[in-house]
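Okay, here's what each chain looks like letter by letter:
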Number of protein chains: 2
Amino acid sequence: MSTGAARGTRERLVVVGGDAAGMSAASQARRLKGPDELEIVAFERGHFSSFSACGIPYWVGGDVTERDALIARTPEEHRARDIDLRMRTEVTEIDVAGGRVRARDVDSGAQSWTSYDKLVIGTGARPIRPELPGIDAPGVHGVQTLDDGQALLDTLARTRGRRAVVVGAGYIGVEMAEALINRGYEVTVVNRGREPMSTLDPDMGRMVHEAMVGLGITMVDDAEVTEVLTGDDGRVRAVATRDAEFPADVVVLGIGVRPETTLAEAAGLPIGAHGGLLTDLAMRVRGHGNIWAGGDCVEVLDLVSGQERHIPLGTHANKHGQVVGTNVGGGYATFPGVVGTAVSKVCDLEIARTGLREKDARRAGLRFVTATIESTSRAGYYPDASPMTVKMLAERRTGRLLGVQIVGREGAGKRVDIAAVALTAGMTVEQMTALDLGYAPPFSPVWDPVLVAARKAAREVERQR
Amino acid sequence: MSTGAARGTRERLVVVGGDAAGMSAASQARRLKGPDELEIVAFERGHFSSFSACGIPYWVGGDVTERDALIARTPEEHRARDIDLRMRTEVTEIDVAGGRVRARDVDSGAQSWTSYDKLVIGTGARPIRPELPGIDAPGVHGVQTLDDGQALLDTLARTRGRRAVVVGAGYIGVEMAEALINRGYEVTVVNRGREPMSTLDPDMGRMVHEAMVGLGITMVDDAEVTEVLTGDDGRVRAVATRDAEFPADVVVLGIGVRPETTLAEAAGLPIGAHGGLLTDLAMRVRGHGNIWAGGDCVEVLDLVSGQERHIPLGTHANKHGQVVGTNVGGGYATFPGVVGTAVSKVCDLEIARTGLREKDARRAGLRFVTATIESTSRAGYYPDASPMTVKMLAERRTGRLLGVQIVGREGAGKRVDIAAVALTAGMTVEQMTALDLGYAPPFSPVWDPVLVAARKAAREVERQR
C-alpha cells in the first residue's frame, strides 16, 4: 500500500517521531496552515505522544501519581487538530531522493510508503545501554519512555527487597536516586567519573557527592560496572564493578543517551561529531531545503564556545519544534543556539550549571579565571536562608562570562537563569556586578550570590589581565 | 574646635552618613588605601551604623528575633578597620568652597568643623510624613530606622487592642501588613491609589488587592487619610479618611521616602527633578571633582527610559558605596544605572517588577505592546506548582523589552531577574523566546513563564508592527 503525492495544491508534511520536537512542529505548522493547505501525517513507534520524559523520575518517586499527567497531548487530541498521528508505526526508511518514508505497523508488520513535500525528523535519543553480562536480566531498568517507567514501577511494586543500585550519576542518575529514596530504598549510585554530575567541574561535583552522602546515599565514584549478577530466579541480585559487588533488588540505568539518527544516517543526511543531525539556525537539515529536524536527535550551536554540542533536553526540543513548525508553516523563526543551562535536584539539594566548565573552556582554546564564593539564598538574618556555592568562569583579558555552576538548597537552582541570560548577551563579569537584580530580605542578600561571584571574578580578571 | 587639613601627604576622606552607601564607600576605600595614605572620618547622627532598613518589617513581624541581626557592621567594627566613625554626630553644614563640614554632637550640642580632601555624601532618605492632625500621637509609627522599629515593637507589646492600620500600600506598606498579620493583628491598609502597589500597572495591582483581601487584610483603596483620631489618653484610636473611620490601636506609616538632600541643597550641590543629588556614572557629584554621593539621596539613570529616577533601595546603596569607595580609593568603577527591579512579598504572595510600567513608557514617549499570561512555577504535574501571572511590555517595531511585572506565589518573585538581565542587555522579546533557562519539572514548566510571556509579546509586536 502506498499513499501518493497527488493532492492538488495541498502539501503534505510528514513528521517522524511523535514526541516533543515532532509534535510541537506539527502543532505550530497546523496553527499557521489549515488542513486545506497542509496535510500533516506523523509517525510514532511507541504507545504515547508528546510526553514528558523529564517527569518520569517524579512519577517513579511518587511525586506525580498518574502516568497520564506526563502526557501533554494525547494522540486523540492531536487528531482533533487535523494531525494524522499514526501510533505504533515505525518509520524504517527515509528515501530523500524519492521524497518518501517507509513505515511499518509495529503490531501487524505491514509496511507502506508515504510521500512528503516537507519532512520533519524528531527521532529523539536512545539510552546508552552498555553490553554487559546480565544487563537484560529482569529488574534492570531504563527510564527513557513511559513504558520504561511503568515497567520499573511494576518491579518496585513486586520487589520485596529494599536495595537499589543506580548506574550513572548525571541528571537521570541523581533524579532516580531521589525517586528511589522517596520509595524507601537504600540507594547506591555507581558512577564512572571521579565525582557525580560530570556536567559540573570536579570541585563542584565533590560538593554534590558530599551532599548526596549526607542524604544517606552510598556513592561509589570512579567505578565501572563490569557485570550484572543474577540469582537462581534469573533476576538481578547485584551489580559488580572491578573491585566490589553491590547487592541490588532493582537496578536503574541512568548512563545517558545518544542521538537516535540511524534512519537519518542511512538516508545520507549530515551527522555531526556528536552523532546528531546538523541543521542550520532555521532547524533545516543542512543541504536539504525541505527537511527539518529538532529535539534530541540534533546537535545545537553552543553560543559560548562557538561549537556544536548534543544536549538532549525537553525545553530545547519544544523550542526546536516551535521554530520548525513556524518555518514549515510559512513563517520565519530561528533557534540561535544554547548556552548549556541545566538544573536538577536530589531531595533538597539543588544543582545548576550554564556555559562552559573548565575543561570545555580549555578545549575551546579559551583562557579563563575562576571565582568560587559562598553565600545564602536570602538575607543572612532571614529565616531559612540556606547556603549556596557559586562558581564562575570568565575569559581572561575580556572578562566575558564563560560559565556558572551553583550547588545549594532551596532558591539556588533557578539563580542560574541570571547567568544564562548574561551569557546569551555576551556580558562581562564586570558588567554583571552592576546588574539590578530583585532584592528583598526574603529573596536575596543585599548582594545576590551571583553578584558576589561576579565581583570576585571581576577582581580575578583584573588581577590576571 | 577644628580639625585642620595639615596632615602632610595623607588625605582625609569625610563621609556624611553612616549607613549602607557611606560605610560601604568608606570600607572599600579603606581596602584600597591604608591609614597611612587615607584618613577616614565618618559622621552618623543616629545610634546605628550599616543597618538593614529593609529588614525592619521582618523584625517587627517576628521572623527576625534580634535587632542586632539587622546590623551588618557595628561602629566598633568600622573603627577596628581604621575608620573614625563618630556616632550621634550630625553634619549641619557642608562648606564646599572651604572644603569642610560642620558637625554637631547630638547629645552635647557642641559643634566643630572638619576639613576634607574628599567628601562622600550618603545622607539617605527621609520618610514622607503628611502634616495631618494627630500624626504625632502615640501609637503612630514610621519604620525607617532601628529606633523606629523598636518604638513600634514597644507599642505592640503594650497594646491591648488587635487592630492595626497601615497607611500606604507600596513595598513598606504591604510588608508591614504582613508583619502585623504575623503579630496577630487585624490589618487595614489605607491607600491613596486605585490599587495597592502603584509600582505595578493597575491590572497587576488589582491582583495584589485581591490576594491581600484573600489573606484577610481589609484593603481601602482610593482613600486619603485626613486625620489621625486620638482617644482621651491622647493615643491613636482611629484613622479617618474623607468617607470613613478605621479603628486603630496602632498605625504604621508606609507612605514612602524622599531623598534627604537638605545639606547638599544648602551647599549648592546639583539636585534633580526628583529631589536627589545628581552624579556622573562614577557617582561623583556633577561639577564637583572631590565630592561623591550614593544611596537613597541620589538620583540614578534608568537604563530603559534614559531618564533619571529616585529609587531608594539597599541593594543600590551598597553598589553605589562600592563604586564610590573604589574611585575614592584611587581605582576606577562606574554605576551604569538601574532597570527598576523590585521584589516583595505579603505572606505567600510574591510581587515583582522591573523596567517600565505602561505609564512610564508613555511618559518616556514610547509606543508599546503588552502581553499578559498565566503559567505555573513548576511543571503543571509537579506537586506545589503554583500559578503566576506575568505581564510584559515591549516596544513597538523594535520589539525591545520594556518591562515585566509578576504576581504569584513561591517561585514567582525572583523570576524577574531574567527580565532584569534582558533589559540591561537591551534584548528584544523575540530574542528572549530563545533564552536557555533552567528547566526541570521541580523548577519550571518546559516553557518558563517568562518565555511564555515573551512568545506572546513577540506575536503582539509582529501583529502591530
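Per chain, residue numbering runs from 1 following the sequence as it is written. Written order decides the labels, with chains lettered from A and ligands numbered from 1. At least 70 in pLDDT is required for a residue's local features to be given in this predicted model, at least 80 for side-chain atom pairs to be given and counted, and no such filter applies to totals for whole chains, interfaces and linings, which use all residues. For side-chain calculations, the full set of non-hydrogen atoms in the structure is used, while hydrogens and water are omitted.

J.: Got a minute to help me understand the overall build of chain A in this structure?
T.: Check the secondary structure of chain A and you find 12 helices and 26 strands. Here the globule rule is a power law, 2.2 Å times the number of residues to the power 0.38, and the radius of gyration is based on C-alpha atoms. Relative to the compact-globule value of 23 Å for 465 residues, chain A shows a C-alpha radius of gyration of 24 Å, a close match. In terms of principal-axis extent, the alpha carbons of chain A reach across some 70 × 60 × 40 Å. Contacts were defined at the residue level, with two residues in contact if any of their heavy atoms lie within 4.5 Å. Restricting to contacts in chain A with at least 6 residues of sequence separation, those with at least 24 account for 63%. Note on areas: these come from Shrake-Rupley sampling with a 1.4 Å probe, and a residue is covered only by the protein chains present in the view. Accessible surface, chain A as shown: approximately 17900 Å² in total, 46% of it carbon and sulfur. Of the charged side chains in chain A, 55 are positive and 61 negative, and the gap between their average positions amounts to 4 Å. The numbering of helices and of strands both runs from the N terminus, where a helix is a DSSP run of H or I of at least 4 residues and a strand a run of E of at least 2. The positive count covers Lys and Arg only, the negative count covers Asp and Glu only, and His and the chain ends enter neither. One atom stands in for each charge, and that atom is NZ of Lys, CZ of Arg, CG of Asp or CD of Glu.

J.: What is the right way to read the relation of the copies chain B and chain A from this model?
T.: One copy of the chain maps onto the other through a rotation about an axis followed by a shift along the same axis. The atoms used to superpose the copies are C-alpha atoms, taken from residues with pLDDT of at least 70 in both, and the fit is least squares. Of the transformation placing chain B onto chain A, the axial shift is 0.0 Å and the rotation is 180 degrees, giving an RMSD of 0.0 Å. Such values leave the two copies arranged in the relation of a two-fold axis. Comparing contact sets, 100% of the residues at the interface of chain B also lie at the interface in chain A, consistent with an isologous, same-surface contact.

J.: How should I be thinking about the pairing of strand β12 (residues 186-190) of chain B in this particular structure?
T.: Remark: a regular strand shows side chains that alternate across the two faces of the sheet. All names here are of chain B. The buried fraction of β12 is high, at four of five residues. Being paired, for any two strands, means DSSP has found at least two bridges between them. Pairing between strand β11 (residues 163-167) and β12: five bridges, direction parallel. Bridge pairing links Val166 to Val189 in β12. A crossover connection joins β11 to the parallel β12 through helix α5 (residues 171-182); in handedness this β-α-β unit is right-handed. Note that β12 and strand β13 (residues 218-220) share three bridges and pair parallel. Along β13, the bridge assignment pairs Val189 with Met219. Of the crossover connections in this fold, the one passing from β12 over helix α6 (residues 202-214) to the parallel β13 is right-handed. Three exposure classes are used, based on accessible area relative to the maximum for each residue type with a 1.4 Å probe and protein chains only: buried under 20%, partly exposed in between, and exposed over 50%. With strands facing away from the observer, any crossover in which the path from the first strand over the helix to the second runs clockwise is taken as right-handed.

J.: Honestly, the sheet that holds strand β4 (residues 84-86) of chain A in this entry has me stumped. Any pointers?
T.: By way of backbone hydrogen bonds, the strands of a sheet pair with one another, either parallel or antiparallel. Residue and element names in this part refer to chain A. Read across the open sheet, the five strands follow the order β4-β3-β2-β8-β19; overall the sheet is parallel. Edge strands, defined here as strands with exactly one partner in the open sheet, are β4 and β19 (291-293). On average, each strand axis in the sheet is tilted by 15 degrees relative to the strand beside it, whichever way the strands run. Where strand β2 (residues 11-16) lies against strand β8 (residues 118-121), four bridges are found, and the strand directions are parallel. Residue pairing in the sheet places Leu13 in a bridge with Lys118 of β8. Along the sheet, helix α1 (residues 20-32) contacts β2, β3 (38-43), β4 and β8; its crossing angle with β3, the most-contacted strand, is approximately 165 degrees. For helices, the fitted line uses only the C-alpha atoms of the stretch in contact; every axis is such a line through C-alpha atoms, and the angle between N-to-C directions lies from 0 to 180 degrees. Running at roughly 160 degrees to β19, helix α8 (residues 314-328) makes contact with β2, β8 and β19 of the sheet.

J.: Got a minute to help me understand the UniProt feature "domain: Pyridine nucleotide-disulphide oxidoreductase dimerisation" (unreviewed entry) in chain A in this structure?
T.: What UniProt calls "domain: Pyridine nucleotide-disulphide oxidoreductase dimerisation" (unreviewed entry) maps, in this numbering, to residues 344-446 of chain A. The span residues 344-446 of chain A is 18% helical and 35% strand by assignment, and the distance between its end C-alpha atoms comes to 26 Å. UniProt positions are given in the numbering used here, feature names are shortened, and annotations may be inferred rather than shown by experiment.

J.: Help me understand the confidence of the model for chain A in this model?
T.: In low-pLDDT segments, the atomic positions of the prediction should not be examined closely. Mean pLDDT over chain A stands at 96; residues scoring 70 or higher make up 98%. Two summary scores accompany this predicted model of the complex, namely pTM at 0.96 and ipTM at 0.95. Scored from 0 to 100, pLDDT records how confident the predictor is in each individual residue.

J.: I'm lost on the packing of helix α1 (residues 20-32) of chain B against helix α8 (residues 314-328) of chain B in this one. Help?
T.: For any two helices packed against each other, the geometry is given by the interaxial angle and the distance between the axes. All names here are of chain B. It is the contact of α1 with α8, at a shortest axis distance of 7 Å, that shows an interaxial angle of 35 degrees. α1 and α8 meet at a crossing whose hand is right-handed. Contacts from Ala20, Ala21, Ser24, Ala25, Gln28, Ala29, Arg31 and Leu32 of α1 reach α8 at Ala317, Asn318, Gly321, Gln322, Val324, Gly325, Thr326 and Val328. Here is the rule for handedness: rotate from the far helix to the near one, and if that takes an anticlockwise turn smaller than a right angle the crossing is left-handed, while a clockwise turn gives right-handed.

J.: Mind showing me how you'd approach helix α12 (residues 449-464) of chain A here?
T.: The periodicity of an α-helix, 3.6 residues per turn, causes residues three or four positions apart to be oriented the same way. Multiplying one less than the number of residues by 1.5 Å gives the expected span of a helix. With 16 residues, α12 of chain A should reach 22 Å at 1.5 Å per residue; the first-to-last C-alpha distance of 23 Å fits that figure. Burial in α12 of chain A covers these residues: Pro449, Val450, Leu451, Ala453, Ala454, Arg455, Ala457, Ala458, Glu460 and Val461 of chain A. On its buried side, α12 of chain A packs onto β24 (368-376), β25 (387-395), α10 (416-424) and α11 (429-432) of chain A together with α8 of chain B. Pairs of N or O atoms are called polar contacts if they sit within 3.5 Å, as long as, within protein, a hydrogen donor faces a hydrogen acceptor (for residues adjacent in sequence, only side-chain-to-side-chain pairs). Looking at where α12 of chain A begins, the residue whose side-chain oxygen comes 3.0 Å from the main-chain nitrogen of Val450 of chain A is Asp448 of chain A.

J.: Hey, could you run me through the UniProt feature "domain: FAD/NAD(P)-binding" (unreviewed entry) in chain A in this one?
T.: Using the residue numbers shown here, the UniProt feature "domain: FAD/NAD(P)-binding" (unreviewed entry) corresponds to residues 12-310 of chain A. As annotated, residues 12-310 of chain A has a helix share of 23% and a strand share of 28%, and its two end C-alpha atoms lie 29 Å apart.

J.: Quick question: what am I supposed to make of helix α10 (residues 416-424) of chain B here?
T.: Burial of α10 of chain B is extensive: eight of the nine residues sit out of reach of the surface. What α10 of chain B keeps buried is the set Val416, Asp417, Ile418, Ala419, Ala420, Val421, Ala422 and Leu423 of chain B. Buried positions along α10 of chain B lie against α10 of chain A together with β23 (349-355), β26 (401-408), α11 (429-432) and α12 (449-464) of chain B. Downstream of α10 of chain B by a residue or two, Gly426 of chain B has a phi angle that is positive, lying close to 70 degrees.

J.: So what exactly am I meant to see when it comes to the pairing of strand β15 (residues 236-241) of chain A here?
T.: All names here are of chain A. β15 sits mainly inside the fold: five of its six residues count as buried. Hairpin connection, strand β14 (residues 225-230) to β15: the antiparallel pair is bridged by five residues, and Gly234 has positive phi, about 85 degrees. Here β15 pairs with strand β16 (residues 245-247) via three bridges, running antiparallel. Across the sheet, the residue bridging to Ala238 is Pro247, located in β16. Connecting β15 to the antiparallel partner β16 that follows it, the hairpin turn spans three residues.

J.: So what exactly am I meant to see when it comes to the side chain of His141 of chain A here?
T.: Residue and element names in this part refer to chain A. In this structure, His141 sits in strand β10 (residues 140-141). For His141, a relative accessible area of 9% puts it in the buried group. At 2.6 Å, the side chain of His141 and the side chain of Thr155 are in polar contact. For His141, the contacting residues outside a window of four places in its chain are Asp148, Ala151, Leu152, Thr155, Val250, Val251, Val252 and Leu253.

J.: Please explain the pattern of salt bridges as it appears in this structure.
T.: Where charged atoms from two side chains of opposite charge approach closely, those side chains can pair. All names here are of chain A. For this analysis, a salt bridge means a side-chain nitrogen from Lys or Arg found within 4 Å of a carboxyl oxygen belonging to Asp or Glu. Here the structure, examined in full by the defined rule, presents 72 salt bridges over all chains. Note that Glu260 is salt-bridged to Arg126, the shortest N-O span being 3.4 Å. Taken together, the residues Glu260 in the loop between β18 (257-259) and α7 (262-266) and Arg126 in strand β9 (residues 125-127) connect sequence positions 134 residues apart. With a relative accessible area of 13%, Glu260 lands in the buried category.

J.: I keep staring at the sheet that holds strand β10 (residues 140-141) of chain B and nothing clicks. Help me out?
T.: Sheet architecture is open: five strands sit in the order β10-β17-β11-β12-β13 (chain B), paired in parallel fashion. The strands lining the two open edges of the sheet, one partner per strand, are β10 and β13 of chain B.

J.: Would you take a moment to explain the interface of chain B and chain A for this structure?
T.: Put simply, an interface is often sized by how much accessible area is lost when its parts join up. At the interface, 56 residues of chain B touch 56 residues of chain A. Buried area is calculated as the accessible area (1.4 Å probe) missing from two parts once they are joined, with the contributions of both summed. Approximately 4700 Å² of surface area, both sides summed, lies buried where chain B meets chain A, with 67% of it carried by carbon and sulfur atoms. When residues of chain B are sorted by the area they lose upon contact with chain A, Tyr381, Asp436 and Phe443 of chain B head the list and together hold 17% of the total. Linking chain B with chain A are two salt bridges. Two residues, Asp448 of chain A and Lys414 of chain B, come together in a salt bridge whose shortest N-O distance is 2.7 Å. Linking chain B with chain A are 20 residue pairs in polar contact (both at pLDDT 80 or more), by the criterion used here. Looking at the side of chain B that touches chain A, the elements with two or more residues in it are α8, β22 (342-346), α10 and α12 of chain B. In terms of residue class, the side of chain B that touches chain A is made up of 29 nonpolar, 16 polar and 11 charged. Gly counts as polar in this scheme, as do all residues outside two lists: the nonpolar Ala, Val, Leu, Ile, Met, Phe, Trp, Tyr, Cys and Pro, and the charged Asp, Glu, Lys and Arg.

J.: Before we go on, may I ask you to explain the side chain of Asp448 of chain B in this structure?
T.: Along the chain, the position of Asp448 of chain B falls in the loop between α11 and α12. In terms of polar contacts, Asp448 of chain B uses its side chain to reach the side chain of Arg415 of chain B, at 3.0 Å. Residues within four places of Asp448 of chain B in sequence aside, it is in contact with Lys414 and Asp417 of chain A together with Arg415, Ile418 and Leu437 of chain B.

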